[in-house]
Amino acid sequence: MKQFFTYVAATVVGLIIATVISAIASMFMLVVMLVMSESAATPNIGQHSILKLDLSGTLSERHQGMTLVQQMQGNKDQSKGLDDIVASIRYASNDDRIEGIYIDCNGMSGGIASLQYIRQTLADFKKSGKWIAAYGDAYTQGNYYIASLADSIWLNPMGAVEVTGMGGRFMFFKGLLDKLGIEMQVLKVGTYKSAVEPYVLTAPSEANIKQTREYITPIWQNVAGDIAEARGVELEVVNSWADSVLMTQNPHTFPKRNIVTGLLYRHEAESMLKEMSGIDNDDNLRFVTPVEYIKTVKPHRYGNKIALLYAEGEIVDNGENGIVGADMAPMIMDLAENDDIDALVLRVNSPGGSAFASEQIWEALQQFKAKGKPFYVSMGDVAASGGYYISCGADKIFCQPTTITGSIGIFGLIPNVKGFMSDKLGVTTSLVATNPNSAISVFEPMTPFQKNRMQAMIERGYETFIGRCAEGRHVTPDSINAIGQGRVWDGQTALKIGLVDELGNLEQCIEALAMDNEWVNYQIEVYPDANLSWWEKALLESAQVKNSIVKNELGDAYPYYNAVKRVKEMSPVQCLAPELVME
């Protein structure tokens with residue numbers, strides 16, 4: 001028996017030692033790979049090169065990269081950074097080594113305003129006299145929107161082009177919550193504040209349908225108008241493509257209708273590219289990606305220093321993802337105190353989130369302005385609710401015609417899980433307290449008195465919100481309330497009603513700031529710093545791997561898990577725009 005316990009103890013100790021050694025070895029490999037990735041050589045760009053825009057994966061404001069686990073698995077980097085794409089196109093227009101741009105359309109998903117920004121930059125590139133060519137085995141509507149201005153648009157002879165118009169799909173969770181016995185107690189201000197609807201309705205309200213139709217219609221007209229102009233057809237023709245389910249039609253009719261310029265297989269398109277770039281047919285095409293190309297560019301570093309601060313994702317009080325109020329507000333305060341920083345451009349791509357965090361960020365931005373430094377905002381795909389809250393105090397606000405903004409409103413969601421706990425799990429609770437309102441608990445429904453008190457707090461928050469907007473836009477609170485009430489607007493309408501100052505992309509916003517302040521030379525300092533230390537990357541790696549595992553395991557159920565997780569992590573009072581899946 002003594003020998004048995006000795007053997008067991010030795011085995012356990014051996015397992016512990018092996019686990020520790022394995023963990024140390026894994027950490028060592030992680031550090032080595034991180035150091036190797038950081039010391040990767042700058043690519044050499046030769047003559048007759050082609051800038052290749054691979055429209056696949058997901059488009060975000062900045063390049064996200066892959067986790068090391070994904071790299072070790074041989075996965076391709078599917079993340080595309082809007083910053084890299086736009087900057088590479090700008091630089092390539094004046095680079096003699098770059099013959100032209102090749103757009104490889106593989107179904108990249110991204111917001112309409114971001115796609116429009118890329119398209120505008122490509123339109124400027126064409127002024128250089130260089131060519132743009134696009135190829136697709138099949139074009140999604142978003143990819144075709146970008147490719148439509150190319151000099152050559154090639155389609156696989158068995159391919160398709162998707163032009164469908166624009167619509168949005170809402171997801172509703174009330175049926176699921178009912179089955180679980182969970183009631184969402186809603187407190188809100190704003191007729192159009194529809195972000196709460198997924199939790200209390202099974203279909204959108206009439207007000208939500210009305211506002212959605214009224215902001216997606218001008219966005220589609222903008223997109224369709226751009227396509228029509230590029231293809232030399234009338235707007236009605238593009239709408240007829242959408243009405244006739246273009247993707248089901250015979251592609252051999254497309255060249256005559258000017259939808260594409262030719263039908264080619266991929267190898268034929270590559271032969272055409274070789275001819276266009278001036279290399280022999282036996283040579284390999286000299287493609288360079290935006291990420292590779294940017295590494296070779298050295299932007300000028302002199303003149304007034306403008307801080308470009310990215311605010312992307314939902315606004316949260318604390319955490320690792322999105323716009324974290326506890327991190328963002330101090331960062332802005334540091335920029336305010338930094339004598340080397342002369343101005344700030346806040347790049348906002350956010351549907352909003354925590355009302356408390358939004359207020360903290362707004363106040364920090366006021367402190368920045370109090371230093372006498374210019375503060376401009378550039379809106380991306382969406383800058384709504386809390387996203388507009390943090391924008392409204394800017395000296396000037398720029399947005400794209402296809403930006404979604406507004407949604408000036410506020411709400412609170414407090415779940416009541418009594419039915420789930422007692423009916424589903426058989427768990428009951430009992431509160432013993434000194435006062436009747438000692439605790440507002442998720443285990444009991446709110447009393448009428450508690451609801452009234454909470455509603456008063458929400459209304460007070462809304463008054464603060466419209467007050468901030470009125471102060472920033474130099475109008476009365478009543479005029480903000482008239483266009484507020486949670487209503488969502490497209491960028492063009494937002495300009496007409498005074499929510500923004502000018503239509504323009506990020507680059508145009510920065511140029512306007514410099515021009516308004518008579519700065520001939522200026523440099524851009526980007527925040528937050530994307531160059532993390534090795535240990536920060538290791539921590540981020542861990543979080544990304546965890547999220548990837550959960551997403552892969554849940555599959556189609558992941559959106560439901562994510563929605564429940566979001567509600568669980570929400571602060572009680574929210575400035576959040578409705579979530580709409582654009583199709």
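Refer to the structure printed above.
Before going into details, it helps to say that this report is about the structure given with it. (Residues numbered from 1 in each chain as written. Predicted model: local features only at pLDDT ≥ 70, side-chain atom pairs only at ≥ 80, totals over all residues. Heavy atoms only, no water.)

### Considering the overall build of the protein chain
Piece 1. If you tally the helices and strands in the protein chain, you get 21 helices and 24 strands.
Piece 2. Per-residue burial over the protein chain gives 44% buried out of 583 residues.
Piece 3. When contacts within the protein chain are restricted to residue pairs at least 6 apart in sequence, those whose partners lie at least 24 apart make up 75%.
Piece 4. A total of about 28,700 Å² of accessible surface is found on the protein chain, and carbon and sulfur atoms cover 55% of it. (Helix = DSSP H or I, 4+ residues; strand = E, 2+ residues; numbered from the N terminus. Buried < 20%, exposed > 50% of the residue type's maximum accessible area, 1.4 Å probe, protein only. Contact = heavy atoms within 4.5 Å. Areas by Shrake-Rupley, 256 points an atom, 1.4 Å probe, with all protein chains shown as cover.)

### Digging into unusual backbone geometry
Piece 1. Cis geometry marks the peptide bond from Y527 to P528, where omega comes out at -10°.
Piece 2. Mapped onto the elements, P528 comes out in the loop between strand 22 (522–527) and helix 20 (534–554).
Piece 3. One non-glycine residue, H474, lies in the positive phi region at around 60°.
Piece 4. Residue H474 is classed as exposed on the basis of its relative accessible area, which comes to 73%.
Piece 5. Located in the positive-phi region is E518, a residue other than glycine, with phi close to 60°.
Piece 6. Following the sequence through the fold, E518 ends up in the loop between helix 19 (506–516) and strand 22.

### Things to note about the sheet that holds strand 9 (residues 262–263)
Piece 1. With parallel pairing, six strands are arranged side by side in an open sheet as 9-6-5-4-1-10. Unpaired on one side and paired on the other, strand 9 and strand 10 (287–288) mark the two borders of the sheet.
Piece 2. Of the pairings in the sheet, the one linking strand 1 (residues 49–55) to strand 4 (residues 98–105) comprises seven bridges and is parallel in character. By the bridge assignment, L55 is partnered in strand 4 with C105. (Pairing = 2+ DSSP bridges.)

### A closer look at the side chain of Q116
Piece 1. Among the structural elements, Q116 can be located in helix 4 (residues 112–126).
Piece 2. At a separation of 2.7 Å, a polar atom in the side chain of Q116 contacts the side chain of N222.
Piece 3. Setting aside chain neighbours within four positions, we find Q116 in contact with Y145, N222, D226, Q400, P401 and T402. (Polar contact = N/O pair within 3.5 Å; in protein donor to acceptor, adjacent residues only side chain to side chain.)

### Some remarks on helix 10 (residues 266–277)
Piece 1. When the terminal C-alpha atoms of helix 10 are compared, their 16 Å separation across twelve residues agrees well with the 16 Å that a helix rising 1.5 Å per residue should span.
Piece 2. Listed as buried for helix 10 are A269, L273, K274 and S277. Viewed along the axis of helix 10, the buried residues span an arc of 145°, placing them on a single side of the element. Residues of helix 10 that are exposed and point over 90 degrees away from its buried face: H267 and E275.
Piece 3. Of the surrounding secondary structure, the elements contacted by the buried residues of helix 10 are strand 1, strand 4, strand 5 (131–136), strand 6 (152–155) and strand 10.
Piece 4. A positive phi of about 80° marks G278, the residue just after helix 10. (Expected span 1.5 Å × (residues − 1). Arc of directions from axis to C-beta.)

### What about the nonpolar core?
For soluble globular proteins, the rule of thumb is that nonpolar side chains tend to be buried together.
Piece 1. Counting 72 residues, the largest nonpolar core has I103, L122 and V161 as its most contacted members.
Piece 2. Broken down by element, the residue count for this core peaks at eight residues, all from helix 8 (residues 206–231).
Piece 3. Apart from the residues within four sequence positions on either side, V161 is in contact with Y139, Y144, L155, L246, M247, F254, I259 and V260. (Core = buried A, V, L, I, M, F, W, Y, C linked by side-chain atoms within 4.5 Å.)

### A look at the packing of aromatic side chains
Piece 1. Overall, the coordinates contain six aromatic pairs when judged by the stated rule.
Piece 2. Summarising the aromatic geometry, the rings of F173 and Y199 are spaced 5.9 Å apart at their centres and angled 20° between planes, so their arrangement reads as stacked. Linking F173 in the loop between strand 7 (168–169) and helix 6 (174–180) with Y199 in helix 7 (residues 197–200), this pair joins segments that are 26 residues apart in sequence.
Piece 3. Taking 6.4 Å as the distance between ring centres and 20° as the angle between the ring planes, the aromatic pair formed by Y376 and F398 counts as stacked. (Phe/Tyr/Trp six-rings, centres within 6.5 Å; stacked < 30°, edge-to-face > 60°.)

### Things to note about the environment of I404
Piece 1. Checked against the element boundaries, I404 lands in strand 18 (residues 404–406).
Piece 2. C-alpha separation for the pair I404 and W489, spaced 85 residues apart in sequence, amounts to 5.8 Å.
Piece 3. Excluding residues within four positions of it along the chain, I404 makes contact with Y215, I219, D381, V382, A383, A384, V488 and W489.

### Regarding the pairing of strand 1
Piece 1. In terms of burial, strand 1 is largely enclosed, as five of its seven residues are buried.
Piece 2. Looking at chain direction, strand 1 and strand 10 are connected through two bridges and run parallel. Its bridge partner being in strand 10, I50 is matched across the sheet by F287.

Geometric values such as these leave the question of function open.
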